[in-house]
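Close look at the chain arrangement
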Amino acid sequence: ENENNKIEQSNARLQLKIDRTTEALQIAGTRAANSRAEADAANTRAESFSTQLNDLKSLIEETGRGMEVVRRENDEVSRAARSVEGRLIQVESELAKALRVRKAAEDERDLMKARAQMAEKKVAVLQEKVNDCRGEIRLVKKKVV
């Protein structure tokens, strides 16, 4: 009877470990899913910034072509060309800002992907611990029987 009590206590401790590990797995799974969602959102933002960047590049090219035409015009048209040059500087500034924002978004995406991978590895380790505990329980049950 004393031996059975010890086995029951051992089973109870193992079950508690499994319960805690299962809870940790659920938390890690939730965190992994959240990290994946954040990484996907960062990737979407990076793609959006890339599209905006391409639009800005196209705008710069079009503005440059327009400036060549304006320079061939008389003094009145020349004043309009200076206005276009000012816009070009603004667009280039916006382009530089977009590049910085894109880089930050890509860095954030990479960080989120790394976090997601780390969380997935932790989930695998915890799952392995659960499996080990289940194996120990099976062995203890076999000893009891």
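Residues numbered from 1 in each chain as written. Predicted model: local features only at pLDDT ≥ 70, side-chain atom pairs only at ≥ 80, totals over all residues. Heavy atoms only, no water.

Attention now goes to the overall build of the chain. The helix and strand inventory of the chain stands at two helices and zero strands. Its C-alpha atoms give the chain a radius of gyration of 31 Å, clearly above 15 Å, the size a compact globule of 145 residues would have. Projecting the C-alpha coordinates of the chain onto the three principal axes gives extents of approximately 110 × 15 × 15 Å. On the chain, roughly 10500 Å² of surface is accessible, and the fraction owed to carbon and sulfur atoms is 50%. Of note, the chain has its 29 positive side-chain charges centred 7 Å away from the centre of its 26 negative side-chain charges. (Helix = DSSP H or I, 4+ residues; strand = E, 2+ residues; numbered from the N terminus. Rg over C-alpha atoms; globule rule 2.2 N^0.38 Å. Areas by Shrake-Rupley, 256 points an atom, 1.4 Å probe, with all protein chains shown as cover. Lys, Arg positive; Asp, Glu negative; His and termini not counted. Charge placed at Lys NZ, Arg CZ, Asp CG, Glu CD.)

Another point: a positive patch on the surface. Taken together, Arg134, Arg138, Lys141 and Lys142 make up a surface patch of like positive charges. Considering the arrangement of structural elements, one finds Arg138 in helix H2 (residues 75-144). (Patch = residues over 30% accessible without salt bridge, like charges linked within 9 Å, V, L, I, M, F, W, Y side chains within 5 Å. Salt bridge = Lys/Arg side-chain N within 4 Å of Asp/Glu carboxyl O.)

Let us look at the pattern of salt bridges. In total, this model carries six salt bridges according to the counting rule given. The residue Lys103 makes a salt bridge to Asp107 at a minimum N-O spacing of 2.8 Å. With a gap of four residues between them, Lys103 and Asp107 both fall in helix H2, about one helical turn apart.

Next up on the list: the environment of Glu47. The topology assignment puts Glu47 in helix H1 (residues 2-71). In this structure Glu47 comes out as partly exposed when scored by relative accessible area, which is 47%. Taking the C-alpha atoms as reference points, Glu47 and Arg102, separated by 55 residues in sequence, lie 8.3 Å from one another. (Buried < 20%, exposed > 50% of the residue type's maximum accessible area, 1.4 Å probe, protein only.)

Take the nonpolar core next. In this structure, Leu53, Leu56, Ile60, Met67, Leu88, Val91, Leu95 and Ala98 together form the largest nonpolar core, which totals eight residues. Counting residues per element, the ones that place at least two in this core are H1 and H2. Among the nonpolar cores identified, the runner-up in size contains six residues, and Ile7, Leu14, Ile18 and Ile137 belong to it. (Core = buried A, V, L, I, M, F, W, Y, C linked by side-chain atoms within 4.5 Å.)

Topologically, Thr21 is positioned in helix H1. The buried category is assigned to Thr21, whose relative accessible area is 12%. Within the structure, the side chain of Thr21 is placed 2.7 Å from the backbone oxygen of Lys17, a separation counted as a polar contact. (Polar contact = N/O pair within 3.5 Å; in protein donor to acceptor, adjacent residues only side chain to side chain.)

Of note, Thr63 is situated in helix H1. Given a relative accessible area of 11%, Thr63 falls into the buried group. Reaching out from Thr63, the side chain makes a polar contact with the backbone oxygen of Leu59 at a distance of 2.7 Å. For Thr63, the contacting residues outside a window of four places in its chain are Val84 and Leu88. (Contact = heavy atoms within 4.5 Å.)

Structural measurements only, silent on function.
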